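Descriptive analysis of the structure
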Amino acid sequence: MQPDQEVINRWSGSAPYWEKHGEIIEQMFAPITQALVEDAQIGRQHAVLDIATGAGEPALSVAAWVGPEGKVFGIDPVPEMVAGARRATERFGLKNAQFDVAFADHLPFPADTFDAVISRFGVMFFPSPVDAVREMLRVLKPGRKLALAVWHLAERNPFHWTLSRVIERYVDSPPPAPDAPDAFRFARPGKLAEVLTKAGAMAPSERLLQFSIQAPISVEDYWTLRYEWSEKLREKIAMLSKEQADEAKRQVLEAFREYSTDRGMRFPAEVLIVSGAKSGPA
């Protein structure tokens with residue numbers, strides 16, 4: 001079951017900005033990448049698959065982790081995202097990273113190929129998460145692990161709600177259906193672990209990762225980053241009059257200043273890391 005074209009188009013529009021802000025995004029989510037490496041038990045010389053890699057993270061970071069004798073494959077359904085990841089590979093001179101357009105529930109790899117499969121903020125948007133996890137297990141080597149990162153509760157993540165609570169004063173944003181593609185689709189503890197169990201993963205586990213999202217940029221630059229990388233936000237702002245848009249931006253900047261430090265922006269954050277293994281001896 002492939003994502004509908006509307007979803008792909010939405011991410012296509014944001015792809016240039018994810019590439020533009022790639023280095024900052026890498027830094028912001030580096031603690032999550034580290035957690036995925038740990039929970040998927042990624043080591044040197046391993047072959048790793050990063051699903052919904054976007055503009056190339058965390059695959060690019062993991063490529064350095066596995067070393068020149070390892071290999072990282074990143075897949076994403078959005079061609080513009082994959083093109084950006086390929087440009088990053090060339091820019092960094094990486095020989096052990098490859099990126100292709102593919103869908104999570106139809107992976108173009110033989111069974112028993114990878115030492116680890118990871119996905120950071122991808123599974124929330126899959127049309128059929130159970131089918132996608134089954135595919136992850138298929139391409140994993142026996143005994144090896146997959147690890148997925150999803151946002152914990154919205155109210156525990158001011159990175160999101162500081163912005164959304166202001167915009168919602170101007171644009172009505174009804175909550176999504178319980179299992180609709182959304183950033184907080186798997187925020188409830190245990191929900192994604194249930195998906196892994198249903199898909200056949202062995203010994204599913206879940207842990208809460210508490211960390212700080214850090215970006216060495218000003219409040220104004222942080223607004224630009226958030227505005228550019230979110231197609232939904234740009235659509236909502238476009239619905240406002242100029243006066244409303246200016247006032248909304250002023251209020252957002254004021255809210256952001258609570259998280260501004262002498263080293264840039266810093267938000268407390270909470271993410272769930274959910275992992276499981278493929279049956280069979282490692």
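Let us look at the structure shown here. Note that the coordinates shown come from a computational prediction; the quantities given were computed from them, not determined experimentally.

Basis of the calculations
- Residues numbered from 1 in each chain as written.
- Predicted model: local features only at pLDDT ≥ 70, side-chain atom pairs only at ≥ 80, totals over all residues.
- Heavy atoms only, no water.
- Helix = DSSP H or I, 4+ residues; strand = E, 2+ residues; numbered from the N terminus.
- Rg over C-alpha atoms; globule rule 2.2 N^0.38 Å.
- Buried < 20%, exposed > 50% of the residue type's maximum accessible area, 1.4 Å probe, protein only.
- Contact = heavy atoms within 4.5 Å.
- Areas by Shrake-Rupley, 256 points an atom, 1.4 Å probe, with all protein chains shown as cover.
- Lys, Arg positive; Asp, Glu negative; His and termini not counted.
- Charge placed at Lys NZ, Arg CZ, Asp CG, Glu CD.
- Phe/Tyr/Trp six-rings, centres within 6.5 Å; stacked < 30°, edge-to-face > 60°.
- Axes fitted to C-alpha atoms, helices over the stretch in contact; angles between N-to-C directions.
- Parallel < 35°, antiparallel > 145°, perpendicular 65-115°, else oblique.
- Left-handed = near helix turned anticlockwise from the far one by under 90°.
- Nonpolar A, V, L, I, M, F, W, Y, C, P; charged D, E, K, R; others polar.
- Polar contact = N/O pair within 3.5 Å; in protein donor to acceptor, adjacent residues only side chain to side chain.
- Right-handed = clockwise from strand over helix to strand, strands pointing away.
- Pairing = 2+ DSSP bridges.
- Core = buried A, V, L, I, M, F, W, Y, C linked by side-chain atoms within 4.5 Å.

In this section: the overall build of the chain. Along its length, the chain carries 11 helices and 8 strands. The C-alpha atoms of the chain give a radius of gyration of 19 Å, which matches the 19 Å a tight globule of 282 residues would have. Seen through its principal axes, the chain has C-alpha atoms that stretch 60 × 40 × 35 Å. Classification of the 282 residues of the chain by burial places 53% in the buried group. Residue pairs in contact within the chain that sit at least 24 positions apart in sequence constitute 84% of those at least 6 positions apart. Roughly 12900 Å² of accessible area belongs to the chain as shown, and the carbon and sulfur atoms make up 53% of that amount. Distance between charge centres in the chain, computed from 33 positive and 38 negative side chains, equals 3 Å.

What follows covers the packing of aromatic side chains. Counting across every chain of the model gives 18 aromatic pairs. A ring pair is formed by phenylalanine 121 and tryptophan 151, whose centres lie 4.4 Å apart and whose planes are at 10 degrees; its orientation type is stacked. Here phenylalanine 121, found in the loop between strand S4 (114-120) and helix H6 (129-139), pairs with tryptophan 151, found in strand S5 (residues 140-151); they are 30 residues apart in sequence, far enough to count as distant. One exposure class covers both phenylalanine 121 and tryptophan 151, and it is buried. An angle of 20 degrees between the planes, with centres 5.7 Å apart, marks the rings of tryptophan 151 and phenylalanine 159 as stacked. What makes phenylalanine 159 buried here is its relative accessible area of 1%.

This next bit is on the packing of helix H7 (residues 158-167) against helix H11 (residues 242-256). Between H7 and H11, the shortest axis-to-axis distance is 9 Å and the interhelical angle comes to 150 degrees. The orientation of H7 with respect to H11, classified from their angle, is roughly antiparallel. Viewed along their axes, H7 and H11 form a crossing whose handedness is right-handed. On H11, the residues touching Thr162, Leu163, Arg165, Val166 and Ile167 of H7 are Ala248, Gln251, Val252, Ala255 and Phe256. Of the residues that constitute the contact of H7 with H11, the class distribution is 7 nonpolar, 2 polar and 1 charged.

A few words on the side chain of histidine 21. Relative to the assigned elements, histidine 21 resides in the loop between helix H1 (5-20) and helix H2 (22-28). By relative accessible area, which is 9% here, histidine 21 ends up buried. One polar contact links histidine 21 to glutamate 228, side chain to side chain, over a distance of 2.8 Å. Those residues in contact with histidine 21, other than ones at most four positions away along the chain, are Leu225 and Glu228.

Of all 12 residues making up S5, 9 are buried, and the element is well covered by its neighbours. Regarding topology, H6 serves as the crossover connection from S4 to the parallel S5, and that connection is right-handed. Looking at chain direction, S5 and strand S8 (residues 264-277) are connected through 7 bridges and run antiparallel. Each bridged residue has a counterpart across the sheet, and for lysine 145 the counterpart in S8 is alanine 277.

The next subject is the environment of aspartate 172. Positionally, aspartate 172 belongs in the loop between H7 and helix H8 (191-199). Sequence-wise, aspartate 172 and lysine 236 are 64 residues apart; in three dimensions their C-alpha atoms are separated by 9.3 Å.

Once that is clear, we can look at the nonpolar core. Counting residues in hydrophobic clusters, the biggest one holds 99 residues, and the most contacted among them are Phe29, Ile32, Leu49 and Ile51. Contacts of phenylalanine 29, omitting those with residues within four sequence positions, involve Arg120, Phe121, Trp151, Phe159, Ile213 and Trp229.

Here we take up helix H3 (residues 30-39). Structural remark: α-helix, 3.6 residues per turn; residues separated by three or four positions point the same way. Considered for burial, the residues of H3 that qualify are Ile32, Thr33, Ala35, Leu36, Val37 and Asp39. Among the structural elements, helix H4 (59-66), S4, S5, strand S6 (202-215) and S8 are those in contact with the buried residues of H3. Backbone geometry just after H3 places glutamine 41 at a positive phi near 55 degrees.

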